[in-house]
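Structure assessment
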Amino acid sequence: MGKGYVFTMDMVLSIVILTVFLISISFFLSRVDDPYSNVVLQKEADDALIVLDKYGDLSTLNSTVIANSLNSMLPRSVKWNMELNYYNYSSGFTLAGNNTFGSAYQQAREVVSVDRPFLTFENQSIANYCVARLRVWSG
Amino acid sequence: MESFAVTFSDNLLKSSGVPYNWNSTNFSTIGLVSSQNILVPSKVSNFTNMSYDLLKQTFGIDYEFYFYVENLNGSRYYDIGNYTFGQQVVSLTRLGLLNNEKVRVRLIVHG
């Protein structure tokens, strides 16, 4: 009876140690960066900015239009944050405004960022020189 | 396999091909766009109507692949390739404009 009890405790202890070991391995493997995912994320973000620009969504500077477009194009597993900075030019560039929208990225473990300059027009002349910065990450 | 999928999709979405008006019997490189990510219907049509084996040979592809273009609602406009997937599968989704409509360009490489 006593022997059986010791054997059982021994087995339970082994299982606990094995479980802790497997959880540790799993944790450390999950911390290893996946360069392929980052390349894919970068390609997706770059494509999204090009399409937003060439379709005309970016030049609206309208956060709802841009957000709807991004949500329809990017996979649901991808979170994003858009930062728009627009400048006037008069003997040098001066910041005329900015707008940031989308999900908060500060807590994301790894964020991929792509930039794209673009122009807005009014009455067939340049109204603003703009830079869009799209940050994406796996959510 | 992963890097091949990225490079292959980049070739298709970033280049016009040579000559610009290439077709299935006259080409030295194949690309599907007029400018970055702006798909040209005739180029996509030429590409998806080519022999799958010829494409694999042209691109020096050792894997199998399945390529398709769909709109954001999932309606498929063009496709080519082998969609009986093997054990290893890499799927890549790119974005573009086709006739001024936003589309997904999907490349699934498998083997």
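Everything here concerns the structure above.
In this report, we go over the structure that sits alongside the text. (Residues numbered from 1 in each chain as written. Chains lettered and ligands numbered in written order. Predicted model: local features only at pLDDT ≥ 70, side-chain atom pairs only at ≥ 80, totals over all residues.)

A few points about the sheet that holds strand β7 (residues 89–98) of chain B
Residue and element names in this part refer to chain B. Note the following rule: Two strands make a pair as long as DSSP finds a minimum of two bridges between them. Secondary structure elements follow DSSP: runs of H or I no shorter than four residues count as helices, runs of E no shorter than two count as strands, and numbering proceeds from the N terminus. By definition, residues are in contact whenever their C-beta atoms, placed on the basis of the backbone, come within 7 Å of each other. An axis is simply a line fitted to the C-alpha atoms; with a helix, the fit covers only the stretch in contact. Between two such axes, the angle follows the N-to-C directions and lies from 0 to 180 degrees.
One open sheet holds the 6 strands; their spatial order is β3-β4-β7-β8-β5-β6, and the pairing between them is mixed. Unpaired on one side and paired on the other, β3 (33–35) and β6 (76–81) mark the two borders of the sheet. Examined bridge by bridge, strand β4 (residues 38–39) and β7 share 2 bridges and lie parallel to one another. By the bridge assignment for β7, Leu39 is matched with Leu98. Relative to β7, helix α1 (residues 2–14) is tilted by about 15°, and along the sheet it contacts β3, β7 and β8 (101–110).

Some remarks on the pairing of β8 of chain B
Residues and elements named next belong to chain B. Alignment of strand β5 (residues 64–71) against β8, held across 8 bridges, turns out to be antiparallel. The partner of Glu70 across the bridge, within β8, is Arg104. Of the pairings in the sheet, the one linking β7 to β8 comprises 10 bridges and is antiparallel in character. Bridge pairing in β8 links Leu95 to Arg104.

Comments concerning the environment of Asn128 of chain A
Residues and elements named next belong to chain A. This is how it is decided: Any residue surrounded by 20 or more other C-beta atoms within 10 Å of its C-beta is treated as buried, while 12 or fewer makes it exposed and the intermediate range makes it partly exposed; C-beta atoms here are placed from the backbone.
Looking at the element boundaries, Asn128 is found in strand β4 (residues 125–138). With 19 C-beta atoms packed within 10 Å, Asn128 lands in the partly exposed category. Spatially, the C-alpha atoms of Asn128 and Tyr89 are 7.8 Å apart, while their sequence positions differ by 39 residues. Once residues within four sequence positions are removed from consideration, Asn128 is found in contact with Tyr86, Tyr87, Asn88, Ala96 and Thr120.

Section: the interface of chain A and chain B
This is how the line gets drawn: Throughout, the ten residues Ala, Val, Leu, Ile, Met, Phe, Trp, Tyr, Cys and Pro are labelled nonpolar, Asp, Glu, Lys and Arg are labelled charged, and all others, Gly among them, are labelled polar.
Counting residues at the interface gives 14 residues for chain A and 13 residues for chain B. Those elements giving two or more residues to the side of chain A that touches chain B turn out to be α2 (35–55) and α4 (63–73) of chain A. Looking at the side of chain A that touches chain B, the element that brings in the most residues is α2 of chain A, giving 11 residues. Here the residues of the side of chain A that touches chain B sort into 9 nonpolar, 1 polar and 4 charged.

Brief notes about the nonpolar core
Going by this rule: By our criterion, buried Ala, Val, Leu, Ile, Met, Phe, Trp, Tyr and Cys residues that link up through C-beta atoms within 7 Å make up a nonpolar core.
Core analysis: the biggest nonpolar cluster contains 30 residues, and Ala45, Ala48, Leu49, Ala132, Leu134 and Val136 of chain A together with Leu107 of chain B have the highest contact counts within it. Per-element accounting of this core gives the leading share, 8 residues, to α2 of chain A. Not counting residues within four places of it along the chain, the set of residues in contact with Leu134 of chain A comprises Ala45, Ala48, Leu49, Trp80, Met82 and Val114 of chain A.

A word on unusual backbone geometry
A cis amide bond, omega -5°, links Val18 of chain B with the succeeding residue Pro19 of chain B. Residue placement: Pro19 of chain B occurs in the loop between β1 (17–18) and β2 (29–30). The residue Gln124 of chain A is not glycine, and still its phi comes out positive at about 60°. Within the fold, Gln124 of chain A resides in the loop between β3 (112–122) and β4. The phi dihedral of Asn100 of chain B falls on the positive side, at around 60°, and the residue is not glycine. As for its placement among the helices and strands, Asn100 of chain B is situated in the loop between β7 and β8. When the 9 C-beta atoms within 10 Å are taken as the criterion, Asn100 of chain B is described as exposed.

Focus on the sheet that holds β4 of chain A
Residue and element names in this part refer to chain A. Strand order across the open sheet formed by 4 strands is β2-β1-β4-β3, with antiparallel pairing between neighbours. Each having just a single partner strand, β2 (93–102) and β3 make up the two edges of the open sheet. Shown here is a sheet whose adjacent strand axes are inclined to one another by a mean of 20°, direction ignored. Summarising the sheet, β3 and β4 pair through 11 bridges and their orientation is antiparallel. Paired with Ser113 across the strands is Arg135, a residue of β4. Sheet strands in contact with α4 are β1 (78–89) and β2, and its direction is about 50° off that of β2.

Geometric descriptors of this kind do not, in isolation, establish any biological role.
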